[in-house]
Amino acid sequence: MGNEIQLISDGDGLAVIGDPTAVERFLVSEGLPSKDLGLPRLGSVLKVGAAAAQAGSEIAANSGRWVQLTKESAQLMHRHGLMPTKTPGVSHAMVGDPGSIQKWLQIDKVSMAGNPALLAGAAGLMAQLAMQQSMKEITDYLATIDEKVDDVLRAQKDAVLARMIGVSFVIEESMTIREQRGRVDEVTWSKVQGAPAMIAETQAYALRQLDALAGKLERKSAIGDLARAAREAEAKAQEWLVVLARCFQLQDAIAVLELDRVLDASPDELDGHRVGLRNARQNRLELIARCTERLLGRMEAAAGRANAKVLLNPLDSPAVVKSSNHVSTAIVTFHGRLGIEGDRQSSEARRWTEAAKEARDKALETGAEGVDVAKRLGNDTIDRAKWATGKLSDRVGGWALRRRREGDELTEKSATLDQGREA
């Protein structure tokens, strides 16, 4: 292929395939970290038919690297215009270097993308690498928890968890053999065939426990009871999240082993099996998301109810909010590690003094309104009094004036009579 390389994407990652030197130059020019795709593993199984033979020769002559899908690699895919192929969920582009390391241009040529056998095989390898990356992130997540994961799991006395722990040892042993041999033979696969059912049983059990915690929070109305339920959720939710994370990690490990086994035994079925595993994995994520988001919602609702009654419950209300924040933070971190999208802001406990101040302000506001009313009533009373006084004064003044006039008339009549007597 010379300076031409093939870009293949399955939605979770990007495979860069071509001459080893060209692949390295491309990745350096784009500044992308990568992992070995493991192309030689396909050469030993793609042996049937002309297409498989062509794929085998291409594998022998080329190198493959895998890039995890990130913001930067997604922009790269958009820039080079990857196009959908007939292989479900897989897109491709052929790019070439015209001489400048900074400019890799899409070229109007289809080589490896026209080989369904190679596309299916590469997509299978990419799916394995994506799941292994997820397994590593879950391992990192479990390592950040204060309690040792093994201690948390072994502290559980439930038989279903004990079986899951036993299955995990078998799966880890099979993964070790796979790394050493580069394949999963019939003997290795026979050891783990019954594992998926046990892991699914454990996952269902953990989900029911989280549902039970959410149900308790929903049923409590008194703040004291709510505080006790919130403390129980804080103590137990993290443990069940650990169990769920471990289940998901083991299910990814089983899927990696399955793809190797199909690649070894029925390579023509690899693509269909890959798509089936992808859909099943997405269904598990959605199931876990619904359950944990329900608990998240109940914790936040409990914090809201507690905040509303913090004035009357200065000890229990902040405790509910504290427990809510701890559980919610644990769930959000868990979602991030499993790739479940979501957004949440921590509830902030209202201090009792702040609530008291708010109540005081309301009281003062109510009191001020009362004073204004009293003032208005007082002013109205005074005005009415003035009005009444004025009316009374007018009435008294009128009476006095009449009396004075009557007196003047009497005086005048009396003077007239006196003059008549003298005459």
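Rules used in this analysis
- Residues numbered from 1 in each chain as written.
- Predicted model: local features only at pLDDT ≥ 70, side-chain atom pairs only at ≥ 80, totals over all residues.
- Heavy atoms only, no water.
- Helix = DSSP H or I, 4+ residues; strand = E, 2+ residues; numbered from the N terminus.
- Buried < 20%, exposed > 50% of the residue type's maximum accessible area, 1.4 Å probe, protein only.
- Contact = heavy atoms within 4.5 Å.
- Areas by Shrake-Rupley, 256 points an atom, 1.4 Å probe, with all protein chains shown as cover.
- Expected span 1.5 Å × (residues − 1).
- Axes fitted to C-alpha atoms, helices over the stretch in contact; angles between N-to-C directions.
- Parallel < 35°, antiparallel > 145°, perpendicular 65-115°, else oblique.
- Left-handed = near helix turned anticlockwise from the far one by under 90°.
- Pairing = 2+ DSSP bridges.
- Salt bridge = Lys/Arg side-chain N within 4 Å of Asp/Glu carboxyl O.
- Phe/Tyr/Trp six-rings, centres within 6.5 Å; stacked < 30°, edge-to-face > 60°.

Visitor: Sorry, what's going on with the overall build of the protein here?
Guide: Check the secondary structure of the protein and you find 13 helices and seven strands. Buried residues in the protein amount to 41% of all 423 residues. Sequence-distant contacts in the protein: of pairs separated by 6 or more residues, those separated by 24 or more amount to 75%. When the accessible surface of the protein is summed, it comes to about 23,100 Å², and 53% of that surface belongs to carbon and sulfur atoms.

Visitor: Just to check I follow, could you spell out helix H10 (residues 223-265) for this structure?
Guide: Residues spaced three or four apart along an α-helix point in a common direction, a consequence of the helix completing one turn every 3.6 residues. Counted at 1.5 Å a residue, the expected span for H10 with its 43 residues is 63 Å, and the 60 Å between its end C-alpha atoms agrees. Burial of H10 is extensive: 32 of the 43 residues sit out of reach of the surface.

Visitor: When you look at the environment of Val160 in this model, what are you seeing that I'm missing?
Guide: Topologically, Val160 is positioned in helix H7 (residues 159-181). When its relative accessible area of 8% is taken as the criterion, Val160 is described as buried. C-alpha of Val160 to C-alpha of Met198: the two residues are 38 residues apart in sequence and 7.7 Å apart in space. For Val160, the residues in contact, after removing those within four places along its chain, are Glu201, Thr202 and Tyr205.

Visitor: Before we go on, may I ask you to explain the side chain of Thr87 in this structure?
Guide: Looking at where Thr87 falls in the secondary structure, it is placed in the loop between strand E5 (83-84) and strand E6 (91-96). Sequence-distant contacts of Thr87, defined by excluding residues within four places in its chain, comprise Leu119, Asp271 and Arg274.

Visitor: How do you make sense of the packing of helix H9 (residues 195-219) against H10 when you look at a structure like this?
Guide: The axes of two packed helices give the description: the angle between them and the distance between them. Put simply, H9 and H10 touch, their axes get as near as 9 Å, and they point 160° apart. Judged by the inter-axis angle, H9 sits roughly antiparallel to H10. For the pair H9 and H10, the sense of crossing is left-handed.

Visitor: Please explain the pairing of strand E2 (residues 13-18) as it appears in this structure.
Guide: Within a regular strand, side chains alternate between the sheet's two faces. Within E2, six of the six residues are buried, leaving the element largely enclosed by the surrounding structure. Going residue by residue along E2, you find Gly13, Ala15 and Ile17 tucked away on one face and Leu14, Val16 and Gly18 tucked away on the opposite face as well. Of the strand pairs in this sheet, strand E1 (residues 4-9) and E2 are connected by five bridges, and their pairing is antiparallel. Paired with Ile5 across the bridge in E2 is Gly18. Connecting the antiparallel pair E1 and E2 is a turn made up of three residues, with Gly11 showing a positive phi of about 95°. Direction of pairing for E2 relative to strand E4 (residues 63-68): antiparallel, over a ladder of six bridges.

Visitor: I'm lost on the pattern of salt bridges in this one. Help?
Guide: Note that side chains of opposite charge can pair when their charged atoms are close. Applying the stated rule across the entire model yields 21 salt bridges. Between Asp12 and Arg278 there is a salt bridge, and its shortest N-O distance comes to 3.0 Å. Separated by 266 residues along the polypeptide, Asp12 in the loop between E1 and E2 and Arg278 in helix H11 (residues 270-308) bring together distant segments of the chain. Among the residues examined, Asp12 registers a relative accessible area of 35% and is labelled partly exposed. Glu232 is the salt-bridge partner of Lys236, the closest N and O atoms lying 3.4 Å from each other. Residue Lys236 and its partner Glu232 are located together in helix H10, separated by four residues, close to a single helical turn. What makes Lys236 partly exposed here is its relative accessible area of 38%. By relative accessible area, Glu232 is classed as partly exposed at 23%. If you follow the salt bridges from partner to partner, you end up with Arg41, Arg178, Glu179 and Asp260 in one network.

Visitor: What exactly am I supposed to notice about the packing of aromatic side chains here?
Guide: Centre distance and the angle of the planes are the two values used to describe a pair of aromatic rings. According to the stated counting rule, one finds two aromatic pairs in the structure shown. Measuring from centroid to centroid gives 5.6 Å for Tyr205 and Trp240, while their planes differ by 65°, and the two rings are edge-to-face. Taken as a pair, Tyr205 in helix H9 and Trp240 in helix H10 lie far apart in primary sequence, 35 residues in all. With a relative accessible area of 6%, Trp240 lands in the buried category.

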